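The lines below spell out each chain.
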Amino acid sequence: MKLATIDNGTRDGKLVVVSKDLTRCCAAGYIAPTMQAALDDWERIAPELEVLARDVEHETVPCERFHERHAHSPLPRAYQWADGSAYINHVELVRKARDAEVPDSFYHDPLMYQGGSDGFLPPRADIPLGDQAWGCDMEGEVAVVVDDVPMGVSVEDAAKHIKLIMLVNDVSLRGLIPGELAKGFGFFQSKPASAFSPVAVTPDELGEAWADSLIHLPLMVDYNGEPFGRAQVGQDATFNMAQLVAHAAKTRSLCAGSIIGSGTISNKGEDGGPGKPVAEGGAGYSCIAEIRMIETIRDGEPTTRFMAPGDTVKVEMRDADNHSIFGSIEQTVVEA
């Protein structure tokens, strides 16, 4: 089942069921007015939405054209957005560039920060940048949305609470991060609003590509119209999404509609070292910081600049038949 939120001028938009090919949608307001309302009562609501989804596929209900540019993030705002770091290769590169060791705990205790969730950017909205010196970067990720998760949930049971999956562009301001982390309280100004894919899908929609609480497909990141990242999401993951959900719920329950992110998707090279750019036959990168770290390790300093007004980023995922699964995040950096 594929769900989306159409921007109708209200804060939380209206819930629609989307056809598998992303061409048509049907309003689901008589079942649940918003995505959050559906998640709040998922066990009762989901079967009714699935019936509507089948009707949409069979074209037995009135539908309208689904336009990704009219979609908001599936949850325009959420009770919680916590982003992990499932791909330690990314952390290793960042630390190696500054000659810092990766603590052993990082390999069995996930990194995670609590992001701002009071408002997300629509998937086709511009990225406002107040100062180019802030070092604007994209981060291509996967995120899951859960129903109510009890405190202390096991990893096995955490997997059962994953109800929806989305793509993410977790915008980061790299120039502000070191100063904020030095204060010892973590990210805040350096993590502005993120954007999520136009469509959220249930795990069963991915078929065999969803296994062990990971998607086994490449995440496609294009930068200024050129392939930048094609990292395999199911490869080199130190933690899966169920482990991240269980980590988030270790000392607190998670309310329905909480979003948990994977962190930047990152693959090692074939030799176990840093990966190569797509143009050189590698899987590329899901963020600019990673290629800058590789340049620093290799050449002593980075040469790839961060994003500036006019730069564009696209984040998408396609199935084995080359069909878009979630729709695409397509954004342009603009002066705030």
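Note that the structure is predicted; figures quoted are calculated from it, not measured.

1. Examining the layout of surface pockets
Piece 1. In this structure, the largest pocket occupies an estimated 870 Å³ of space.
Piece 2. Mapped onto the lining of the largest pocket, the elements with two or more residues apiece are strand 6 (81–84), helix 3 (88–97), strand 7 (112–115), helix 5 (177–182) and helix 7 (288–299).
Piece 3. Among the elements that line the lining of the largest pocket, the one with the most residues is helix 3, at five residues.
Piece 4. Split by residue class, the lining of the largest pocket holds 15 nonpolar, seven polar and nine charged.

2. Points about the pairing of strand 3 (residues 24–27)
Piece 1. In the sheet, strand 2 (residues 14–18) pairs with strand 3 via three bridges, with the strands oriented antiparallel. Of the residues in strand 3, the one forming a bridge with V17 is C26.
Piece 2. Hairpin remark: strand 2 followed by strand 3, antiparallel, with five residues in the connecting loop; positive phi at L22, about 65°.
Piece 3. Note that strand 3 and strand 4 (residues 64–65) share two bridges and pair antiparallel. Note on strand 4: the bridge partner recorded for R24 is R65.

3. Some details on the nonpolar core
Piece 1. Ranked by size, the top nonpolar core spans 75 residues in total, and within it F66, I165, L206, I215, V245, M317 and F326 carry the most contacts.
Piece 2. For this core, the leading source of residues is helix 6 (residues 241–248), giving six residues.
Piece 3. Every residue in contact with F326, bar those within four places of it in the chain, is listed here: L22, I165, M166, L167, S197, P198, V199, V201, L206, I215 and M317.

4. Describing the side chain of E139
Piece 1. In this structure, E139 sits in the loop between strand 9 (136–137) and strand 10 (140–146).
Piece 2. Looking at E139, the relative accessible area reads 5%, which means it is buried.
Piece 3. For E139, the side chain forms a polar contact with the side chain of S172, separated by 2.4 Å.
Piece 4. Apart from residues lying up to four places away in sequence, E139 is in contact with V168, N169, D170, S172, R174, K191, T264, S286 and C287.

5. A short note on the sheet that holds strand 17 (residues 218–223)
Piece 1. Taken together, the five strands give an open sheet; going across it, the order is 8-21-20-17-18, and neighbouring strands pair in mixed fashion. The two strands at the open ends of the sheet, each matched to only one other strand, are strand 8 (127–129) and strand 18 (226–232). Going from strand to strand, the sheet's axes swing by 20° on average, the running direction of each strand aside.
Piece 2. By the bridge criterion, three bridges tie strand 8 to strand 21 (residues 329–335) in an arrangement that is parallel. Looking at strand 21, one finds that I127 is bridged to V333.

6. Section: the packing of aromatic side chains
For any pair of aromatic rings, the description consists of the separation of the ring centres together with the inter-plane angle of the planes.
Piece 1. In this structure the tally under the stated criterion is five aromatic pairs.
Piece 2. Ring centres of F120 and F196 lie 4.8 Å apart, and the angle between their planes is 75°; on these two criteria the pair is classed as edge-to-face. Residue F120 is found in the loop between strand 7 and strand 8, and its partner F196 is found in strand 13 (residues 195–196); the two are separated by 76 residues along the sequence. F196 carries the same exposure label as F120, and that label is buried.
Piece 3. Here the aromatic rings of Y223 and F228 are separated by 5.7 Å at their centres, their planes lie at 75°, and the arrangement is edge-to-face.

7. A closer look at the environment of N169
Piece 1. Mapping N169 onto the fold places it in strand 11 (residues 162–169).
Piece 2. Considered as a pair, N169 and V221 are 52 residues apart in the sequence and their alpha carbons are 9.6 Å apart.
Piece 3. In this structure N169 touches I127, M138, E139, S194, A195, V313, V315, I329 and Q331, once residues within four positions along its chain are discounted.
Piece 4. Of the polar contacts made by the side chain of N169, one reaches the side chain of Q331; its length is 2.8 Å.

8. A look at empty space enclosed by the protein
Piece 1. Inspection of the entire model under this criterion finds two cavities of 30 Å³ or more.
Piece 2. Computed from the structure, the largest cavity encloses a volume of approximately 50 Å³.
Piece 3. Residue lining of the largest cavity: T5, D12, T34, M35, Q36, L75, P76 and R77, and that is the complete set.
Piece 4. Classifying every residue of the lining of the largest cavity gives three nonpolar, three polar and two charged.
Piece 5. The calculated volume of the second largest cavity comes to roughly 30 Å³.
Piece 6. Every residue along the wall of the second largest cavity is listed here: W81, Y113, G115, G116, D170, K191, P192 and S194.
Piece 7. Classifying every residue of the lining of the second largest cavity gives three nonpolar, three polar and two charged.

9. As for the environment of L176
Piece 1. Inspection of the secondary structure puts L176 in the loop between strand 12 (172–173) and helix 5.
Piece 2. It is 7.6 Å that separates the C-alpha atoms of L176 and G135, two residues lying 41 residues apart in sequence.

10. Regarding the environment of R318
Piece 1. Within the secondary structure, R318 sits in the loop between strand 20 (312–316) and strand 21.
Piece 2. The class of R318 is partly exposed, set by a relative accessible area of 25%.
Piece 3. In the structure, R318 is positioned 47 residues away from D271 in sequence and 27 Å away in space, judged by C-alpha atoms.
Piece 4. Apart from the residues lying within four places of it in its own chain, the contact partners of R318 are L217, M220, H323, S324 and I325.
Piece 5. A polar contact of 3.4 Å, which involves the side chain of R318, links it to the side chain of E316.
Piece 6. Side-chain polar atoms of R318 contact the backbone oxygen of N322, separated by 2.5 Å.

Rules and cut-offs
- Residues numbered from 1 in each chain as written.
- Predicted model: local features only at pLDDT ≥ 70, side-chain atom pairs only at ≥ 80, totals over all residues.
- Heavy atoms only, no water.
- 1 Å grid on protein atoms, 1.4 Å probe; cavity = no way out; pocket = protein on both sides within 12 Å on 5 of 7 lines; lining within 4 Å.
- Points joined across faces, edges and corners; volume = space filled by probe spheres on them.
- Helix = DSSP H or I, 4+ residues; strand = E, 2+ residues; numbered from the N terminus.
- Nonpolar A, V, L, I, M, F, W, Y, C, P; charged D, E, K, R; others polar.
- Pairing = 2+ DSSP bridges.
- Core = buried A, V, L, I, M, F, W, Y, C linked by side-chain atoms within 4.5 Å.
- Buried < 20%, exposed > 50% of the residue type's maximum accessible area, 1.4 Å probe, protein only.
- Contact = heavy atoms within 4.5 Å.
- Polar contact = N/O pair within 3.5 Å; in protein donor to acceptor, adjacent residues only side chain to side chain.
- Axes fitted to C-alpha atoms, helices over the stretch in contact; angles between N-to-C directions.
- Phe/Tyr/Trp six-rings, centres within 6.5 Å; stacked < 30°, edge-to-face > 60°.

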